[in-house]
Amino acid sequence: GKVRRIAIPFAVVSAIQYLVFSLIPVNGPQPLQEIYKVYLFPYEQLWFLYSIFWIFVLIGFLDAARMMETPSRWLACFVVSLAVHLAVHPTRLFSISGVNYLFPFFLMGYGIRRFSKNLFQPAMIRAYFGLACVAYMVYITLYAQETLTKAIPEDIYRLVGLCITFSAVPL
């Protein structure tokens with residue numbers, strides 16, 4: 001079903017968009033003989049469809065392997081996806097970079113949907129609120145001082161942003 005609803009539209013729309021942009025060059029010339037590249041390196045905004053297709057394949061594998069059957073197993077997958085998201089900067093080939101970017105967010109939604117009884121207990125809500133407040137204060141502090149903004153590595157900003165996101169969304 002995912003092939004029919006995601007992969008086929010991705011393939012067709014990518015080809016059509018590339019053809020249109022070849023005939024009406026918006027960002028410079030795009031040779032027709034290079035149309036195959038839209039399937040290797042996702043084209044324009046369509047990286048999202050390619051990435052989400054691979055995420056569904058990966059989720060199917062994790063479900064089949066029973067790796068997300070319990071809250072603790074889901075949490076382990078979630079933590080690993082966050083670590084990979086922060087530490088690995090993969091290639092754009094086959095939209096692997098898009099999968100790396102989106103997968104933690106997808107797993108968050110998966111966990112919220114499947115394990116809401118565990119994730120929305122009063123203690124957890126207080127923890128989300130506390131983390132969101134602290135992370136947001138750090139974020140404001142980093143941006144408020146220009147010397148800090150230039151001195152802090154980009155990965156720290158990403159980590160703070162993820163802390164805000166993964167605490168504020170459940171709230």
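Rules used throughout
Residues numbered from 1 in each chain as written. Predicted model: local features only at pLDDT ≥ 70, side-chain atom pairs only at ≥ 80, totals over all residues. Heavy atoms only, no water. Helix = DSSP H or I, 4+ residues; strand = E, 2+ residues; numbered from the N terminus. Rg over C-alpha atoms; globule rule 2.2 N^0.38 Å. Buried < 20%, exposed > 50% of the residue type's maximum accessible area, 1.4 Å probe, protein only. Contact = heavy atoms within 4.5 Å. Areas by Shrake-Rupley, 256 points an atom, 1.4 Å probe, with all protein chains shown as cover. Patch = residues over 30% accessible without salt bridge, like charges linked within 9 Å, V, L, I, M, F, W, Y side chains within 5 Å. Salt bridge = Lys/Arg side-chain N within 4 Å of Asp/Glu carboxyl O. Axes fitted to C-alpha atoms, helices over the stretch in contact; angles between N-to-C directions. Parallel < 35°, antiparallel > 145°, perpendicular 65-115°, else oblique. Left-handed = near helix turned anticlockwise from the far one by under 90°. Nonpolar A, V, L, I, M, F, W, Y, C, P; charged D, E, K, R; others polar. Phe/Tyr/Trp six-rings, centres within 6.5 Å; stacked < 30°, edge-to-face > 60°. Lys NZ or Arg CZ within 6 Å of the ring centre and 35° of its normal. Disulfide = S-S within 2.5 Å.

Q: Can you lay out the overall build of the protein for me, pointing to particular residues and giving the numbers?
A: Assigned secondary structure in the protein consists of nine helices and zero strands. The order of helices and strands in the protein, counted from the N terminus, is α-α-α-α-α-α-α-α-α. Taken over the C-alpha trace, the protein has a radius of gyration of 20 Å; the compact-globule value for 171 residues is 16 Å, which it surpasses by more than 25%. Taking the principal axes of its C-alpha atoms as reference, the protein extends roughly 55 × 50 × 25 Å. Looking at the protein as a whole, 29% of its 171 residues are labelled buried. Excluding contacts between residues fewer than 6 apart, the proportion of contacts in the protein whose partners are at least 24 apart in sequence is 67%. For the protein, the computed accessible surface area is about 10600 Å², with 71% contributed by carbon and sulfur atoms.

Q: I'd like a description of a nonpolar patch on the surface, backed by residues and values.
A: Nonpolar side chains collect at one region of the surface, where Val-3, Ile-8, Val-12, Val-13, Ile-16, Val-20, Leu-23, Ile-24 and Val-26 lie side by side and expose about 820 Å² of accessible area between them. With respect to the helices and strands, the residue Val-13 is situated in helix H1 (residues 2-23). A residue is classified by how much of its surface remains accessible, and Val-13, at 39% relative accessible area, is partly exposed.

Q: Give me the lowdown on the pattern of salt bridges, citing residues and values where you can.
A: Inspection of the entire model under this criterion finds four salt bridges. A salt bridge links Arg-114 to Asp-63, with the shortest nitrogen-to-oxygen separation between them at 3.8 Å. Here Asp-63 lies in helix H3 (residues 47-64) and Arg-114 lies in helix H5 (residues 96-114), a separation of 51 residues in the sequence. Its relative accessible area of 41% is what places Arg-114 among the partly exposed residues. Two residues, Arg-66 and Glu-69, come together in a salt bridge whose shortest N-O distance is 2.7 Å.

Q: Before we move on, can you summarise the packing of H1 against H3 with the specific residues and values?
A: At a closest axis distance of 9 Å, the pairing of H1 and H3 adopts a crossing angle of 155°. As the angle between them shows, H1 and H3 are arranged roughly antiparallel. Regarding H1 and H3, the two cross each other, and that crossing is left-handed. In this structure, H1 contributes Lys-2, Val-3, Ile-6, Ala-7 and Phe-10 to the contact, and H3 contributes Leu-49, Tyr-50, Ile-52, Phe-53 and Phe-56. Here the contact of H1 with H3 is built from residues that sort into nine nonpolar, no polar and one charged.

Q: How would you summarise the packing of aromatic side chains if you had to cite specific residues and measurements?
A: All told, the structure shown has 14 aromatic pairs when counted by the stated rule. With centroids separated by 6.3 Å and ring planes inclined at 65°, the aromatic side chains of Trp-47 and Tyr-101 adopt a geometry described as edge-to-face. Taken together, the residues span a long stretch of sequence, with Trp-47 in helix H3 and Tyr-101 in helix H5 at a distance of 54 residues. What makes Trp-47 partly exposed here is its relative accessible area of 31%. Note on Tyr-101: relative accessible area 44%, which makes it partly exposed. On the numbers, 6.4 Å between centres and 15° between planes, the contact of Tyr-136 with Tyr-139 is stacked. Linking Tyr-136 with Tyr-139, this pair stays in helix H7 (residues 122-144), spanning three residues, or about one helical turn. An aromatic cluster is built from Trp-47, Phe-48, Trp-74, Phe-78, Tyr-101, Phe-105, Phe-115 and Phe-166, whose rings are joined through pairwise contacts. Over the face of the ring belonging to Phe-56 we find Lys-2, whose NZ or CZ atom lies 4.1 Å from the ring centre.

Q: Describe the state of the cysteines, naming the residues involved and giving the relevant values.
A: According to the stated counting rule, one finds zero disulfides in the structure shown. No disulfide involves Cys-77; its nearest neighbouring cysteine sulfur is the one of Cys-163, lying 20 Å away. Left without a disulfide partner, Cys-163 is nearest to the cysteine sulfur of Cys-133, which lies 13 Å away.

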